[in-house]
Amino acid sequence: MKITQLMHGVWDNMRGPEGKATFMFALRLFLILFAYYQLKPVREALILVGGSAEIRSYALAGQAALLLLLVPFYSVLIRHLHGDRLFHWVTVFLAGNILLFYIAGLYGLHIGVIFFIWLGIFSVVQISQFWTMVSDYHCVEKGKQLTSYIAIGGSLGAMFGAMMAKFMFLQLGTYGLMLVAIGMLLLAVMMPGANIAMKRESQESSSESIQHLLGGLKRVMDVPYLRWIAASVVLLNLINSTGEFVLADFVTAEKHGAQIGEFYATFYLYVNIAALLLQAFIVRPLYQVIGVGGALISLAVINLSMYLSVLFFPVLAWFAIVKMADNSIDYSVANTTKQILFLPLDRFTRYEGMQAINTFFTRFGDLIQGGIIYLVVHIMGLPTMYLVGTNIGLCLLWLLVTIRVSRKFKYRSEQASEHGYARNLNSGE
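Being a predicted model, the structure only gives us computed values, none of them experimental.

Attention shifts here to the pattern of salt bridges. Considering all chains together, one arrives at 3 salt bridges under this definition. In this structure, Glu 244 and Lys 323 form a salt bridge, with 3.8 Å as the shortest nitrogen-oxygen distance. Taken together, the residues Glu 244 in helix H8 (residues 224-254) and Lys 323 in helix H11 (residues 316-341) connect sequence positions 79 residues apart. Asp 326 serves as the salt-bridge partner of Lys 323, at 3.0 Å between the closest nitrogen and oxygen. Of the two residues, Lys 323 and Asp 326 both sit in helix H11, 3 residues apart, roughly one turn of that helix. A single network of salt bridges, built from pairs that share partners, joins Glu 244, Lys 323 and Asp 326.

And the structure:
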């Protein structure tokens, strides 16, 4: 009976124009993440073969520095483009970048560090741009129902992308996977979009101008709710990227050459299978039971428990499992929850806030991580396991921040409903 009710609920949510638009969005996200997971093993192989986990860490920090320059540029861009058109231009531009890397690789240029930095920027800019476009069509309540379905499409794309990359890495080589990724991105651009009449703010005032030099960075600093979301995102990615350094250190100590690329291809495959299962069967019931804020708080508690366990089992086999769980929860529950947090905001605040937080503040955690690793490894000369203890402390701090974000989301959702940002799409109110 419960399965019947579940299927009936899915059918009700997917009926009508919103359901059709959701399916098309899910298909687009499938293609984007399929492309991304063709490139992730390429990234790891290029930077770790002949390099080290430490170089990888500092490259992550470099991404934040570049995004500090890109966020104000994006604010200028959205004065002229937005929604589907902005998504198309950004996607084609990024696909062209991959082609340039492909050509450079064929000529024997060393692109490992540059490609690593670029792919990190690609992942946050491309995905953020997609969700910004989607947010134009979802109010808060619809977002809780339909965002998880779109994310399932992304989880499927990530899973099949990682699955195919595991074998295609051996068949096509490093640069062959780049061509596959370009093809997937161009298909995403050619997919038909949602009906423009469905935009939830089509009747709202758009007279506000975006004129400040810092663009979205200034917007985040001016809005307390965005500041708390930014703090949560910084801590989440600081914890995650520090964990990635520990994993990379374990991997390079035990594996060499092509084994590294094969390990990461398998690792990402398992991560995305778990993320798909969580997205399909856990996320929406979790929101129904403990709410969006409760889901966010639970992430901090789970992360804290997992890193505590590593203190008792400090080996690659166990830490790989911990990072698989960490990443799969991040890609499913955390990512979906983060997108919903922006829905109670007006258009300009949402556009600038989402792009600044999903890009610069996401990678700002990596920048801090680079400093922490330099301090612990170089200046203090401590073993890598001390970084696990650092993550435990960060998880406790993140728990306090998520409690604050949860309270502010509840208040913002009530305010959005009163001011019409969360009106019912079917009624057109």
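That was the structure; now back to the text.
Before going further, it helps to examine a nonpolar patch on the surface. The grouping of Leu 99, Leu 100, Ile 103, Leu 106, Tyr 107, Leu 109 and Leu 179 at the surface amounts to a nonpolar patch, some 740 Å² of accessible area in total. When residues of the nonpolar patch are assigned to their parent elements, the largest contribution, 4 residues, is made by helix H4 (residues 83-106). Structurally, Leu 179 can be placed in helix H6 (residues 140-190).

Before going further, it helps to examine the confidence of the model for the protein chain. In the predicted model, the protein chain carries a mean pLDDT of 79, and 78% of its residues have values of at least 70. A low-confidence stretch, residues 202-213 (pLDDT under 50), is modelled with 21 contacts involving residues beyond four sequence positions or located in other chains. Per-residue pLDDT stays below 50 along residues 422-429; that stretch engages in 22 contacts with residues further than four places along the chain or on separate chains.

Another aspect to go through is the packing of helix H10 (residues 283-310) against H11. The contact between H10 and H11 brings their axes to 10 Å, and the two run at 150 degrees. In terms of orientation, H10 lies roughly antiparallel with respect to H11. Here the hand of the crossing between H10 and H11 comes out left-handed. Each residue belonging to the contact of H10 with H11 can be placed in one class, and the counts come to 20 nonpolar, 5 polar and 2 charged.

Below, the discussion takes up H11. With 26 residues, H11 extends 35 Å from end C-alpha to end C-alpha; this agrees with the ideal 38 Å at 1.5 Å per step. Where burial is concerned, most of H11 is hidden: 20 out of the 26 residues are buried.

Rules behind the numbers
Residues numbered from 1 in each chain as written. Predicted model: local features only at pLDDT ≥ 70, side-chain atom pairs only at ≥ 80, totals over all residues. Heavy atoms only, no water. Salt bridge = Lys/Arg side-chain N within 4 Å of Asp/Glu carboxyl O. Helix = DSSP H or I, 4+ residues; strand = E, 2+ residues; numbered from the N terminus. Patch = residues over 30% accessible without salt bridge, like charges linked within 9 Å, V, L, I, M, F, W, Y side chains within 5 Å. Areas by Shrake-Rupley, 256 points an atom, 1.4 Å probe, with all protein chains shown as cover. pLDDT = per-residue confidence, 0-100. Contact = heavy atoms within 4.5 Å. Axes fitted to C-alpha atoms, helices over the stretch in contact; angles between N-to-C directions. Parallel < 35°, antiparallel > 145°, perpendicular 65-115°, else oblique. Left-handed = near helix turned anticlockwise from the far one by under 90°. Nonpolar A, V, L, I, M, F, W, Y, C, P; charged D, E, K, R; others polar. Expected span 1.5 Å × (residues − 1). Buried < 20%, exposed > 50% of the residue type's maximum accessible area, 1.4 Å probe, protein only.

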